[in-house]
Amino acid sequence: MQYAYLGRSGLRVSRLCLGTMNFGVDTDEQEAFKIMDAALDAGINFFDTANIYGWGKNSGRTEEIIGKWFKQGDGRRERTVLATKVYGDMHDAYDGPNRDQGLSAYKIRRHLEGSLKRLQTDHIELYQMHHVDRNVNWSELWSAFGTAQQQGKIGYVGSSNFAGWDIAVAQGEAKARGVLGLVSEQHKYNLLCRLPELEVLPASQALGLGVIPWSPLDGGLLAGNHRRKDGGRRSGDQKRLDKHGEQLEAYAKLCDELGEPEDLVSLAWLLSNPAVTAPIIGVRTLNQFERSLRAVELELDVSTLARIDEIFPGPGGDAPKAYAW
């Protein structure tokens with residue numbers, strides 16, 4: 001396994017991040033345990049989750065599964081760089097009006113304690129804002145996160161789904177307070193979603209954040225599902241299949257020429273971008289996990305990257321070059 005520093009921090013994480021969103025939903029507890037064991041054995045030390053995973057009234061279920069796995073011991077917790085998130089509604093009847101989505105200091109404190117309890121740990125390496133909350137100012141946010149850091153409950157702070165200017169504001173406010181600020185941005189980024197190249201990726205690079213792409217296979221569209229007779233796991237998304245059909249067929253042809261599966265080429269393309277720290281592989285089964293590992297070994301040459309750009313054109317560069325005269 002290869003490793004990289006997470007943004008401008010001194011924390012080293014694996015170049016693939018294990019996503020746990022399916023644990024407790026499409027993946028039962030025992031299969032989740034096997035996947036996490038296999039991840040550590042393969043050298044993947046970076047696990048990503050969120051307090052709302054499990055979804056709806058089952059929110060928190062995924063964190064509980066990870067906590068039970070940690071409880072088995074054998075150095076599992078010590079070998080894991082754990083990332084979770086805060087923002088969403090945990091369906092806690094006692095929260096009243098503060099249970100809604102948001103990032104108040106009140107909510108961060110309560111939800112952090114909930115995550116620590118479910119995860120059966122006393123600290124979280126990377127605590128991420130699952131979304132931006134523009135109703136909360138950065139004085140409140142950096143104070144809340146700073147308190148949690150001083151208490152030893154979190155190590156670093158990350159963002160998710162932030163715009164480029166949100167990242168810039170966050171880092172400016174952090175610098176004014178003499179604190180490290182954000183070390184990562186988790187963002188939807190893949191061959192079919194290259195808009196982040198305009199501002200999010202260059203802002204992250206310039207301001208010291210490592211980018212952690214989520215949905216690297218765009219729900220399976222970049223994994224060859226379009227070639228399956230049943231359309232793959234998300235066969236109901238026919239409109240998107242129709243929209244991108246020609247691109248996906250051209251991509252499939254290129255991957256056939258390379259002798260490599262489409263999902264691994266998609267991951268290797270992300271890993272070739274210097275702004276990217278680690279794509280999140282949100283597997284459902286142990287077999288899916290095992291086949292994903294080879295992505296870090298797959299190097300795409302310049303001509304292949306150029307052909308991929310022809311099939312999936314990006315925004316034309318970063319801002320403002322992509323749209324200014």
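Here we summarise the structure given alongside this text. (Residues numbered from 1 in each chain as written. Predicted model: local features only at pLDDT ≥ 70, side-chain atom pairs only at ≥ 80, totals over all residues. Heavy atoms only, no water.)

Let's shift gears to the pattern of salt bridges. Under the defined criterion, the tally for this structure stands at 18 salt bridges. Note that E113 is salt-bridged to K153, the shortest N-O span being 2.3 Å. Remark: K153 occurs in the loop between α4 (138–150) and β7 (154–160) and E113 occurs in helix α3 (residues 105–119); sequence separation between them is 40 residues. You can call E113 partly exposed: its relative accessible area is 36%. Put simply, R194 and E197 hold a salt bridge, and the shortest N to O gap is 2.8 Å. The class for R194 is buried, based on a relative accessible area of 11%. The network of salt bridges with shared partners includes E29, R61, E64 and K68. (Salt bridge = Lys/Arg side-chain N within 4 Å of Asp/Glu carboxyl O. Helix = DSSP H or I, 4+ residues; strand = E, 2+ residues; numbered from the N terminus. Buried < 20%, exposed > 50% of the residue type's maximum accessible area, 1.4 Å probe, protein only.)

This next bit is on the nonpolar core. Among the nonpolar cores identified, the biggest contains 75 residues, and L18, M36, M129, F145 and F289 are the most heavily contacted of them. Residue contacts for M36: discarding those within four places in its chain leaves L18, F23, F47, I65, I66 and W69. Counting residues in each nonpolar core, the second largest holds twelve residues, with L11, V13, C17 and I280 among its members. (Core = buried A, V, L, I, M, F, W, Y, C linked by side-chain atoms within 4.5 Å. Contact = heavy atoms within 4.5 Å.)

Next up on the list: the sheet that holds strand β6 (residues 124–129). On the basis of which strands lie adjacent, the open sheet formed by eight strands has the order β9-β8-β7-β6-β5-β4-β3-β10 and parallel pairing. Both outer strands of the open sheet, β9 (210–214) and β10 (280–281), are each paired with one neighbouring strand and no more. Pairing of strand β4 (residues 46–48) with strand β5 (residues 81–86), which is carried by three bridges, proceeds in the parallel orientation. From the neighbouring strand, F47 faces β5, where its bridge partner is L82. (Pairing = 2+ DSSP bridges.)

Another point: α4. Three or four residues apart is the spacing at which side chains of an α-helix point the same way, because the helix has 3.6 residues per turn. Between its terminal C-alpha atoms α4 stretches 18 Å, which fits the 18 Å expected from 13 residues at 1.5 Å a residue. Of the surrounding secondary structure, the elements contacted by the buried residues of α4 are α3, β6, β7, α5 (164–177) and β8 (182–188). With a side-chain oxygen positioned 3.0 Å from the backbone nitrogen of S139, the residue opening α4 is N137. After α4 finishes, the residue G152 shows a positive phi value of roughly 80°. (Expected span 1.5 Å × (residues − 1). Polar contact = N/O pair within 3.5 Å; in protein donor to acceptor, adjacent residues only side chain to side chain.)

Burial analysis of helix α8 (residues 262–271) places ten of its ten residues in the buried class, which makes it a mostly covered element. Within α8, the full set of buried residues consists of E262, D263, L264, V265, S266, L267, A268, W269, L270 and L271.

Such coordinate-based values are descriptive only and should not be taken to indicate function.
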